[in-house]
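Listed below are the residues making up each chain.
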Amino acid sequence: WISLIMEEVEQDAPGSKMAALGPDRDQGGMEEGAGLTVSSMIKEIQGLKDKFKDEDVEVPSPFQDLEKATVLQECRCFHEPNIEPRKCATLITKMLHIVTQGEALTSTEVTDVFFGVTKLFQSQDPYLRRMMYLFIKEVAETCNPDDVIIVTSSLTKDMNSNDDLYRANAIRVLARIIDTQMLGAIERYIKQAIVDKNTLVASSALVSGIRLHGANPESAKVVCRWVNEVQEAVSSPNDMVQFHALSLLYEIKKNDRLAISKMVTQLTKSNMGSPLGVCLLIRYISKILNDDASAAVARMAQTFLESSLRHRSEIVIYEAAKAICTLDNLDQRDLNPAITVLQLFLSSPKPTLRYAAMRCLSEVSMRHPMAIVKCNDDMEALISDPNRSIATLAITTLLKTGSESSVDRLMKQINSFMNEIADEFKVVVVTAIRQLCLKYPQKHRVLVGFLAATLREEGGFEFKKAITDSIVELMHAIPETKESSLLHLCEFIEDCEFTALSTQILHLIGSLGPTTQAPARYIRFIYNRVILENAQVRAASISALSRFASQVPGIRRSVCVLLSRSLLDEDDEVRDRATVALAALDGLDLSAMKEDEPMEPPLP
């Protein structure tokens, strides 16, 4: 649009250089109005054009044309006596990019680069040191274990340094590369780090403990000896340290149900300051209640969940509401506090809260549909939500909780909604409509009609297959829909681009069509496929026609004429099926003629 404006201005420019000033204006007037000339306007517009042009230019990635051999050759600078920290950090970044892109390094290449990186410990540049930590963690599993041990002394030295950044990262790297025997040597340092005043060091030690606990049984036994330090870290004033400490404490005690119950009881009575820690505690409580609802801490746990619904943090409120909604053996009235909180989230300006609440309510609707009926008005407002995931969940949940009288109104809203969502969301809506039709069979005309209309619209294979499967299931569950559904499917295969669906529908028509009141009406649809479709569909059509001819004697002769036209088909499968079908039908005609002949009287 800037170019168009410039073209129009330049066309008018020759005779318009401030003609409005007039000959009677003095020189000062000319100078005062000089800022409004056409040339100055063109300059400003050209500047805007250049600005937008620069914004549209794509900056190429500095790593898009990397060659492994070239980078490995450049990495030899790691062995030079005078190290350039920025150059070495850039080379390590390139190596990490090559490795993460899936390009494999041979054992020799990994060993050479690894030894080169270990020589960089002589540099005290913090940026280079962090890149070294990342590289060692990335290649530790592919490198020779005997080679990895060489770097342990340098990492242990960093773990005992005065720089908290070095200490934290060194602990994380050591947790990736050490074995059980070496863990005993550095155990004292990790225990000290767990209760360190620096939150980065404490969190790094706790996360390393979680990793070591899951590495192997021998390491897990060593980590279990840190329980006193971990319990002390649970009472840390820092939110993240508290969260990591609780996670590790649960891993240590998870096989002891009595210890877990005792831990949960103590923590529910304390005032945890970390919202993430409270969420973790809620999940542990939910697991205890689902495993054993008659546990001694059950009543106390349920009280804690209800009190968490009034927490100051939204993530804690949602986690508590979700935990209550997923508990087994709860009455509908026990769900009301959680449903009320989720209903408030539906009108939140934050899309994440609306989506989380809508997803939770959708799961509740499967078990207690009447419990969330009071949220229907709020969910209907979300049908027009700009986030299509939220809108899809709102529609499907309304279809589960709506009454029979609201079906027509919901289908009108869905009509405009279906054109705005992707196929993956449409499949979810189709599944919900199928369940609604099974719930209210009297509404089958409206619902099957909607599915049939949607089947004729644009969409991918999975979407069309979901609709087809839904219609077929409804035909078997609700016999009244059989004939109308067959006609809908016949119209669909007239313009179906998916061979698998066409053959499936033709097989269905061949199975159910002969038993309908007017089987002859389906012959036209089937024979059109013989004329217009590919070999697979033609072969399925021949089989369907043969079924009609064998089961409906009144149209047998006409169908045989149609089958005989396929005896010269270019495809072997189609010709063979037509030949076998005609031979079988001739045998049926002979048997019928013999049955009609009068029996001769026996000889005297």
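Everything below is about the structure shown above.
Thresholds, definitions, all that
- Residues numbered from 1 in each chain as written.
- Predicted model: local features only at pLDDT ≥ 70, side-chain atom pairs only at ≥ 80, totals over all residues.
- Heavy atoms only, no water.
- Helix = DSSP H or I, 4+ residues; strand = E, 2+ residues; numbered from the N terminus.
- Buried < 20%, exposed > 50% of the residue type's maximum accessible area, 1.4 Å probe, protein only.
- Areas by Shrake-Rupley, 256 points an atom, 1.4 Å probe, with all protein chains shown as cover.
- Phe/Tyr/Trp six-rings, centres within 6.5 Å; stacked < 30°, edge-to-face > 60°.
- Lys NZ or Arg CZ within 6 Å of the ring centre and 35° of its normal.
- Axes fitted to C-alpha atoms, helices over the stretch in contact; angles between N-to-C directions.
- Parallel < 35°, antiparallel > 145°, perpendicular 65-115°, else oblique.
- Left-handed = near helix turned anticlockwise from the far one by under 90°.
- Contact = heavy atoms within 4.5 Å.
- Nonpolar A, V, L, I, M, F, W, Y, C, P; charged D, E, K, R; others polar.
- Arc of directions from axis to C-beta.
- Salt bridge = Lys/Arg side-chain N within 4 Å of Asp/Glu carboxyl O.
- Patch = residues over 30% accessible without salt bridge, like charges linked within 9 Å, V, L, I, M, F, W, Y side chains within 5 Å.
- Lys, Arg positive; Asp, Glu negative; His and termini not counted.
- Charge placed at Lys NZ, Arg CZ, Asp CG, Glu CD.

> So what about the overall build of the protein chain? Which residues, and what values?
Across its full length, the protein chain carries 33 helices and zero strands. Relative to its 604 residues, the protein chain shows a buried fraction of 47%. A total accessible area of about 32,500 Å² is found for the protein chain, and carbon and sulfur atoms account for 52% of it.

> Mind laying out the packing of aromatic side chains, listing which residues take part and the relevant values?
This structure, assessed with the given rule, holds four aromatic pairs. Centre to centre, the rings of Y250 and Y284 are 3.9 Å apart; their planes meet at 10°, and the pair counts as stacked. Of the two residues, Y250 is situated in helix α15 (residues 239-253) and Y284 in helix α17 (residues 275-291); the sequence distance between them amounts to 34 residues. With centroids separated by 5.5 Å and ring planes inclined at 70°, the aromatic side chains of F461 and F498 adopt a geometry described as edge-to-face. Of the two residues, F461 sits in helix α27 (residues 461-477) while F498 sits in the loop between α28 (482-493) and α29 (499-512), which places them 37 residues apart along the sequence. According to the relative accessible area criterion, F498 is buried, its value standing at 17%. Positioned above the aromatic ring of F463, the side-chain terminus of K426 is 5.2 Å from the ring centre. Residue placement shows R524 over the ring face of F525; its charged tip is 4.2 Å from the ring centre.

> Give a detailed account of the packing of α15 against helix α16 (residues 257-269), specifying residues and quantitative values.
At a minimum axis distance of 9 Å, the contact between α15 and α16 shows a crossing angle of 155°. One element, α15, and the other, α16, form an angle in the roughly antiparallel class. As α15 runs across α16, the sense of the crossing is right-handed. In this structure, α15 uses L246, L249, Y250 and K253 to contact α16, whose residues at the interface are A259, I260, M263 and L267. In terms of residue class, the contact of α15 with α16 is made up of seven nonpolar, no polar and one charged.

> Would you mind going over the side chain of H244 in detail, with residue names and values included?
Considering the arrangement of structural elements, one finds H244 in helix α15. By relative accessible area, which is 14% here, H244 ends up buried. Ignoring anything within four residues of it in the chain, the contact list for H244 reads S203, L206, V207 and I210.

> Residue-level account of helix α14 (residues 227-234), with values.
Those residues of α14 that fall on the buried side of the exposure criterion are E229, V230, A233 and V234. Angular distribution of buried residues about the axis of α14 spans 150°; they occupy a single face of the element. Taken together, the buried residues of α14 touch α11 (180-194), α12 (199-215), α15 and α16.

> Which residues make up the pattern of salt bridges, and what values do they have?
Evaluation of the coordinates by the stated rule reveals 22 salt bridges. Across the salt bridge formed by R167 and D196, the nearest N and O atoms sit 2.8 Å from each other. Of the two residues, R167 sits in helix α10 (residues 164-177) while D196 sits in the loop between α11 and α12, which places them 29 residues apart along the sequence. The exposure class of D196 is partly exposed, given its relative accessible area of 21%. With a shortest N-O distance of 2.7 Å, E573 and R577 are connected by a salt bridge. With E573 and R577 both in helix α33 (residues 572-596) and four residues apart, this pair spans about one turn of that helix. By relative accessible area, R577 is classed as partly exposed at 33%. Sharing partners across several salt bridges, the network here consists of D164, R167 and D196.

> Lay out the environment of N271 in plain terms, naming residues and giving numbers.
If you trace the backbone, N271 turns up in the loop between α16 and α17. Residues N271 and S235, 36 residues apart in the sequence, show an inter-C-alpha distance of 9.4 Å.

> Hey, could you go over the side chain of R538 for me, with residue numbers and the actual values?
Turning to its location among the elements, R538 is positioned in helix α31 (residues 535-551). Contact partners of R538, with chain neighbours within four places excluded, come to R529, V530, E533, D569, E570, D571 and V574.

> Account for a negative patch on the surface, with residues named and values stated.
A contiguous patch of negative charge, built from E457, E458, D495 and E497, is present on the exposed surface. Its place among the elements puts E457 in the loop between α26 (444-455) and α27.

> Quick one: what's the story with the packing of α29 against α31, residue by residue and with numbers?
In contact at an axis separation of 8 Å, α29 and α31 are set at 5° when each is read in the N-to-C sense. Here α29 is positioned roughly parallel relative to α31, judged by the angle of their axes. Contact residues: T499, S502, T503, L506, H507, I509, G510 and S511 in α29; Q536, V537, A540, S541, A544, R547, F548 and Q551 in α31. Here the contact of α29 with α31 is composed, by residue class, of six nonpolar, nine polar and one charged.

Coordinates in, geometry out; function isn't part of it.
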